[in-house]
Amino acid sequence: MSHDVQQVRSFEHPGQGRKRAKPTPKGRQIDPVAAQEIEMLLRDRPRRRDLLIEHLHLIQDTYKQISAAHLAALAEQMRLSFAEVFETATFYAHFDVVKEGEPNIPPLTVRVCDSITCAMLGGEKLLEELQNKAGPGIRVVRAPCVGFCDHAPVAEVGHRYVLDATASEVLATAAGGKTDPIIPDYVDYDAYVKNGGYKLLGDLRAGRISKEDVLKALEDSSLRGLGGAGFPTGRKWRAVLGEPGPRLMVVNADEGEPGTFKDRFYLLRDAHRFIEGTLIAAHIIDASDVYIYLPTVHLRRGAGAYICGEESSLLESIEGKRGLPRHKPPYPFQVGLFGQPTLINNLETLFWVRDIVEKGAAWWTAQGRNGRHGLRSYSVSGRVKNPGVKLAPAGITVRELIDEFCGGMADGHTFYAYLPGGASGGILPASMDDIPLDFGTLEKYGCFIGSAAIVILSQQDSVRGAALNLMRFFEDESCGQCTPCRVGTEKAAKLMERPVWNRQLLEELSQAMRDASICGLGQAASNPLTSVIKYFPDEFKDAAE
Amino acid sequence: MTKIQFELDGKQVEAKPGETIWQVAKRQGQEIPHLCYSPAPDYRPDGNCRACMVEIEGERVLAASCKRTPTVGMKVKTASERAIAAQKMVMELLVADQPERETSHDPDSKFWHWAEKVGVTESRFPSAERWKPDSSHAAMRVNLDACIQCGLCVRACREVQVNDVIGMAYRNHGAKVVFDFDDPMGESTCVACGECVQACPTGALMPAVMLDEKQTRVVYPDRKVDSLCPYCGVGCQVTYNVKDEKVIYAEGRDGPANHNRLCVKGRFGFDYIHHPHRLTKPLVRLPNAKKDANDQVDPANPFTHFREASWEEALDLAAQGLVRIRDQHGPKGLAGFGSAKGSNEEAYLFQKLVRTGFGSNNVDHCTRLCHASSVAALGEGLNSGAVSAPFSAALDAEVIIVIGANPTVNHPVAATFIKNAAKRGAKLIVMDPRRQMLSRHAYKHLAFKPGSDVALLNAMINTIITEGLTDEQYIAGYTEGFEELKAKIKDFTPEKMAPICGIPADTLREVARLYARSRASIIFWGMGISQHVHGTDNARCLIALALITGQVGRPGTGLHPLRGQNNVQGASDAGLIPMFLPDYQPVERNDMRGNFEKLWKQELDPVRGLTVVEIMNAIHAGEIRGMYIEGENPAMSDPDLQHARGALAKLEHLVVQDLFVTETAFHADVILPASAFAEKEGTFTNTDRRVQLAREVIKPPGDARQDLWIIQEIGRRMGLPWNYNGPADVYTEMAQLMPSLDNISWERLVREGAVTYPADDPTKPGNEIIFTTGFPTESGRGKIVPARVRPPDELPDDQYPMVLSTGRVLEHWHTGAMTRRASVLDEIEPEAVAFMSPKDMRRMQLSPGDFIRLETRRGAVEVKVRADSDVPQNMVFMPFCYAEAAANLLTNPALDPFGKIPEFKFCAVRAEPVELRSAAE
């Protein structure tokens, strides 16, 4: 049987077809080849939502970029929408999303740190030289603080850091294909155990020492969160313990604060001490799972976003989303990771748990200077003779720190100013060198100690320049969620680039950013700016306003 | 619930639990500035714009009042110096990057309104570089230079409508609203629901029609009228914006069914009423215009076949033709098709015309083609054809089954609630041979073999019974027939059914357990269940599932056949079907007819009339000679169109009442220009049993008239003493005869806009959930009827090796008469397409966009083919809206024996490539 196709006269169908029908359904179609590649890559890994960032790393590491075809295939595999995977992938600096028609990313990327200390010590020049000299197979990009400020300037070739870098050394490293990380000497498991490691944990688990004993030791020691917020550690653990389970624990080792490099210092050299502290905490709060958030090492990786040092955006990031800070309340100890009560501690905080419990709270509190208690790991960088992580008494002044721990100022440099707390802790002049550096001592000057990243500036440095460098850092690292920070940092940087600062407007803006930003980044981003206006009137002498 | 006492600007106030500071202030009569916060339903406060900052005593920083809930004793200052300074600074930062107000995309936007109110319309800050306009979409314009990254569009797209197209990509001040992978909107997966446009506070997202080519808003409405959407059974409430007596834009209203949400058809598909093809004068067939099944008339120039006539002449001719046949050949020589697109009043009056004017029960409408089998099964089992719970009950369910339905296409707004439920953690199980948009949200998609529904469902019933997952108490209290089912279901083990339906036995078991064990399970179904020769059996299985597990009559449970047309529920309720008088009173029952005969002052035919397909057959048999077709298009919607068109052309007298010269009107003797939805007042009953009032937005064009008036005029000319003074009159009469409308007066509808039946009291809301304590059957019990496995009528063979299934696309409605004349819908889906799996296409060496020839035992068409991986292998899916390649030329008219519904979802087809015809176009 055969039928004639009914001949339809053009007028008969009401749709006049101003356009042509699409040959495929709406939007981008999944490329079968890309789909197969992604399936091969993921294999039997779970397709859970919170693993999105991990899977993006997998693609980035394998293909040195994330093509639109792969991204679409990943979305399909994970049963996520295109928008969901795209917005996450493009939020993090370490992912290179390449759309159809765009050039491929060269196989090797060199990241040159442009944050404060590196910028002071020739980072810009290094960047410029590398951009001029690098061949076509190498991409040279700026990067925010990589945490080797004591060896500024720094470049990262693939995953290999080149310290005290020169352009020729960087290029030689690249040419030699030496792109894997260097691991320094460290205390291994046997050595750690030999020196009494994991005994405390064993005692705790066996009930030879009670949870209460540990909590009491922490409370008596007044150990505070060394990530920068300074919340009393014992109290935090108790707060989480007071919430109904299941409870989770997150270790924040993101350490993105420019000038800070202490956490990595301890992690690379004595990881078991921190792990024991972590397991003690997990035992005490009865955590069902522990997540360790590290900027680069495998476990749960960040992907290049300073904001993920903020504890609630870190949670978002672990959940596989864009790292947007959450509104508080509720606090993470109430509603944290995956909606569960969550203990979040900085790596160094946990590092000290064993020592405090073993040696007693009194041992900890006996340390300190100028009326303060405990020890601090100061990350000192800039114009001093011997920069580095300095374990010093809490409350030490910057002058004492330079003279006693850093061998004085670098040759030819005169102490001019200092950052007492990384990028957001403000800037103080050398004349204010007698303030104890600790939690609570700097606030009255509009500054804070934060993670104890001390950057020393000399007469060769401009504090206005430093403030602009820091504001640009915040401008880049703002997550973009709230207006005061997203637009405020951008406008502030624009205003600060001008030869003459509109100090009135900048002050107004600073106040609004402090008052109305969602998280600490925006609230503190203007600290350097307001410090400069307040403490460095000389830098505005020539400016007719 | 305890209230929270706190201090707001020095005054003691109370907050309800969960209420935010902003909401309390609003209740107190104060509106705190806000941009990223929308008080519209279902929008989560996000607190990102920081325009609503307030000062809370004792807190270091300010708080976003839209998000913050007060605690007891909290002291809040909404207008302290700090709060005001922050509010103003936020505005000044945003104003810096806005386009000039006068030439902006919406000078009347919420943003500018607040800028003015806060007193900051100028900025001291330098402006930043912003994004270029995106004009790629047929309906909307994207101008991100006005974007304030507030994310309302993201929430609209992702959290409210869950279409998941819009994202906020990148970061810092580069954070950007993107479609998919930062693609042009028109090339993205956007389904054009327009929710983002409705949510956008700045004009960055606008309906295209409001902007000139410089992207400046130039169009402002003269007035707004609240009414409803004319398309599907969801029953969305709409506000129409009118300028110069033309509808220019539709906005979603906060109706109980739609919470402001609309889909592309409801929001952008309204302008068919202004199409130049619109009929504005009655037409009468020219004496020399012979009728032929294959004849075609140009709707833009019908004068090859018709001439204009006065209403007087046209009505006389129309009625005289009907009267002549009735008088010469008896009442059975006539039949009428009403429409599920018309109001309850029109449906009621039309069936009354047929029953009293024509004198028979030969009246039907397109319900026959959609849910007749569902209604047959529901009537048989529960003595009620309506849903047991509204679709929003999905939000209370733990397990949701969607079977044989594609709601994101056919009931898009209902689908949003199902997606909302799935996002909140409900387990969604989709069962359909074709994958669909819902599949991504589903816990499981069971892509069973086409036509194997009963095997699949019986395996589930078998599992539930053999594993003891039944609700014995419910069965004992509220059902009958369980023992018979138990005996008959023994053979339908998952192992035996698995090869038939193509779903592994373990999956069948898992899904059965999920459904039976959950606290609350609900079933939604569509035409994939009903449009089979075993459609009634399919529905019987669903009813049995609910009855043996007690998953009906409680919140979050139920049986919900998703009704297709905006008033298919109401038209059926009003008696626009051949076997029932209004409210499903069987015509054969002498005790039931009395009321009607009394009020209508006439004896009624006690024999049930013919159904849609039966009427076509009766015309060919010479039994029916004349028809009155109001707003239906059987020349496109019937199966085996050649047969149906032949019947229409064979009629001695055909009166068609419609907006356009439809394919059915090609064969008319008289065409009466009718009123469109937006031009009439009346009540419409949605899929939830919600009776809603539509209002006249504009007047019908030219000499087009109200349908109700036309029906009455025909009635009068057939000797009926009618004198209705509009829809209120008719409604009042029908409400007297329909107990379902008790306590729902016309006045109440005018006042409340929507009332669900049954309503127990004129002042209380109607009952959303029914069957809470048994069923309206004589025994009060729900009857369980076992179903047997029966294959589709026409199986693939060597000659016709593939399966053809028909349905719809998102943009086009039914036979396309309206939507293909809606400019946006036509632009998005402009041509006839059939859908095939990419694998089949590769096998046949077809490229996407090639033409194929589809042939069945009944006909052949040539059509463009779209590669769609949702379509299973060996299937061709085809929308039936395209006149130039009418799918129903191919479909099988075999009927379900109970519902008399044709098997639109399954017939054997051969597909082959054809030489590119498009070159000639």
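Described below are features of the structure shown in this document. Bear in mind that the values here come from a model prediction, so they are computed numbers and not experimental data. (Residues numbered from 1 in each chain as written. Chains lettered and ligands numbered in written order. Predicted model: local features only at pLDDT ≥ 70, side-chain atom pairs only at ≥ 80, totals over all residues. Heavy atoms only, no water.)

1. Let's talk about the overall build of chain B
Consideration 1: Helices and strands together make up the secondary structure of chain B, namely 29 helices and 39 strands.
Consideration 2: By principal-axis analysis of the C-alpha atoms, chain B measures approximately 90 × 70 × 65 Å.
Consideration 3: Contacts in chain B between residues at least 24 apart in sequence constitute 71% of all its contacts with a sequence separation of at least 6.
Consideration 4: For chain B, the exposed surface amounts to about 30100 Å²; the carbon and sulfur share of it is 49%.
Consideration 5: Averaging the positions of the 106 positive and the 119 negative side-chain charges in chain B gives two centres separated by 3 Å. (Helix = DSSP H or I, 4+ residues; strand = E, 2+ residues; numbered from the N terminus. Contact = heavy atoms within 4.5 Å. Areas by Shrake-Rupley, 256 points an atom, 1.4 Å probe, with all protein chains shown as cover. Lys, Arg positive; Asp, Glu negative; His and termini not counted. Charge placed at Lys NZ, Arg CZ, Asp CG, Glu CD.)

2. Here we look at the packing of helix α21 (residues 590-600) of chain B against helix α26 (residues 727-737) of chain B
Residues and elements named next belong to chain B.
Consideration 1: Where α21 contacts α26, the axes come no closer than 10 Å and their chain directions differ by 150°. When the interaxial angle is binned, α21 and α26 end up roughly antiparallel. In this structure, the crossing between α21 and α26 has a hand that is right-handed. For the pair α21 and α26, contact is made by N595, F596, L599 and W600 and by E733, Q736 and L737, respectively.
Consideration 2: Of the residues assigned to the contact of α21 with α26, the class counts are four nonpolar, two polar and one charged. (Axes fitted to C-alpha atoms, helices over the stretch in contact; angles between N-to-C directions. Parallel < 35°, antiparallel > 145°, perpendicular 65-115°, else oblique. Left-handed = near helix turned anticlockwise from the far one by under 90°. Nonpolar A, V, L, I, M, F, W, Y, C, P; charged D, E, K, R; others polar.)

3. Some thoughts on the packing of aromatic side chains
Consideration 1: For the structure shown, the criterion picks out 36 aromatic pairs over all chains.
Consideration 2: With a centroid separation of 4.7 Å and 55° between ring planes, the pair formed by F148(A) and Y161(A) is classed as tilted. Of this pair, F148(A) sits in the loop between β4 (138-143) and β5 (155-157) while Y161(A) sits in strand β6 (residues 160-162); the two residues are 13 residues apart in sequence, bridging distant segments of the chain. Like Y161(A), F148(A) is buried.
Consideration 3: Aromatic side chains W311(B) and W709(B) sit 5.4 Å apart centroid to centroid with 90° between the ring planes, which places their arrangement in the edge-to-face category. (Phe/Tyr/Trp six-rings, centres within 6.5 Å; stacked < 30°, edge-to-face > 60°. Buried < 20%, exposed > 50% of the residue type's maximum accessible area, 1.4 Å probe, protein only.)

4. Some remarks on the sheet that holds β6(A)
Sheet strands pair via backbone hydrogen bonds, and the direction of the pair is either parallel or antiparallel.
Residues and elements named next belong to chain A.
Consideration 1: Pairing is mixed in the open sheet, where four strands are placed in the order β4-β3-β5-β6. Unpaired on one side and paired on the other, β4 and β6 mark the two borders of the sheet. Shown here is a sheet whose adjacent strand axes are inclined to one another by a mean of 25°, direction ignored.
Consideration 2: Relative to β6, β5 is paired through three bridges, and the arrangement is antiparallel. Bridge pairing in β6 places A155 opposite V162. (Pairing = 2+ DSSP bridges.)

5. Considerations on the interface of chain B and chain A
Consideration 1: Contact with chain B, which involves 96 residues of that partner, is made by 78 residues of chain A.
Consideration 2: With both sides pooled, the region where chain B packs onto chain A buries about 7300 Å², and carbon together with sulfur makes up 53% of that total.
Consideration 3: The interface formed by chain B and chain A includes ten salt bridges.
Consideration 4: Note that E811(B) is salt-bridged to K26(A), the shortest N-O span being 2.8 Å.
Consideration 5: Seen at the junction of chain B and chain A, the total is 37 residue pairs in polar contact (both at pLDDT 80 or more).
Consideration 6: Those elements that provide at least two residues to the side of chain B that touches chain A are α2 (81-96), β7 (166-169), α28 (823-828), β34 (851-855) and β35 (860-867) of chain B. (Buried area = accessible area lost by both parts, 1.4 Å probe. Salt bridge = Lys/Arg side-chain N within 4 Å of Asp/Glu carboxyl O. Polar contact = N/O pair within 3.5 Å; in protein donor to acceptor, adjacent residues only side chain to side chain.)

6. Things to note about the side chain of S115(A)
Residue and element names in this part refer to chain A.
Consideration 1: On the secondary structure map, S115 appears in the loop between β3 (108-113) and α5 (116-120).
Consideration 2: Looking at S115, its side chain comes within polar contact range of the main-chain nitrogen of C145, at 2.9 Å.
Consideration 3: Not counting the four nearest positions on each side in its chain, S115 is found in contact with A143, P144, C145, P258, N469 and F473.

7. Digging into unusual backbone geometry
Consideration 1: That bond from K328(A) to P329(A) is cis: its omega, -5°, falls within 30 degrees of zero.
Consideration 2: Of note, P329(A) is situated in the loop between α14 (311-318) and β10 (342-346).
Consideration 3: Residue Y757(B) is joined to P758(B) through a cis peptide bond whose omega torsion reads -5°.
Consideration 4: Residue position: P758(B) is located in the loop between β30 (754-756) and β31 (782-783).
Consideration 5: The phi torsion at D9(B) lies on the positive side, around 50°, for a residue other than glycine.
Consideration 6: With respect to the helices and strands, D9(B) occurs in the loop between β1 (4-8) and β2 (11-15).

8. Describing the nonpolar core
Consideration 1: With 176 residues, the main nonpolar core has W237(A), Y378(A), I427(A) and I456(A) as its most contacted residues.
Consideration 2: Looking at which element gives the most residues to this core, the answer is helix α19 (residues 463-477) of chain A, with eight residues.
Consideration 3: In this structure, M140(B), F179(B), C236(B) and L672(B) belong to the second largest nonpolar core, which totals 145 residues. (Core = buried A, V, L, I, M, F, W, Y, C linked by side-chain atoms within 4.5 Å.)

9. Topic: the environment of M120(A)
Consideration 1: Inspection of the secondary structure assignment puts M120(A) in helix α5.
Consideration 2: Here the alpha-carbon distance between M120(A) and C308(A), two residues 188 residues apart in the chain, equals 25 Å.

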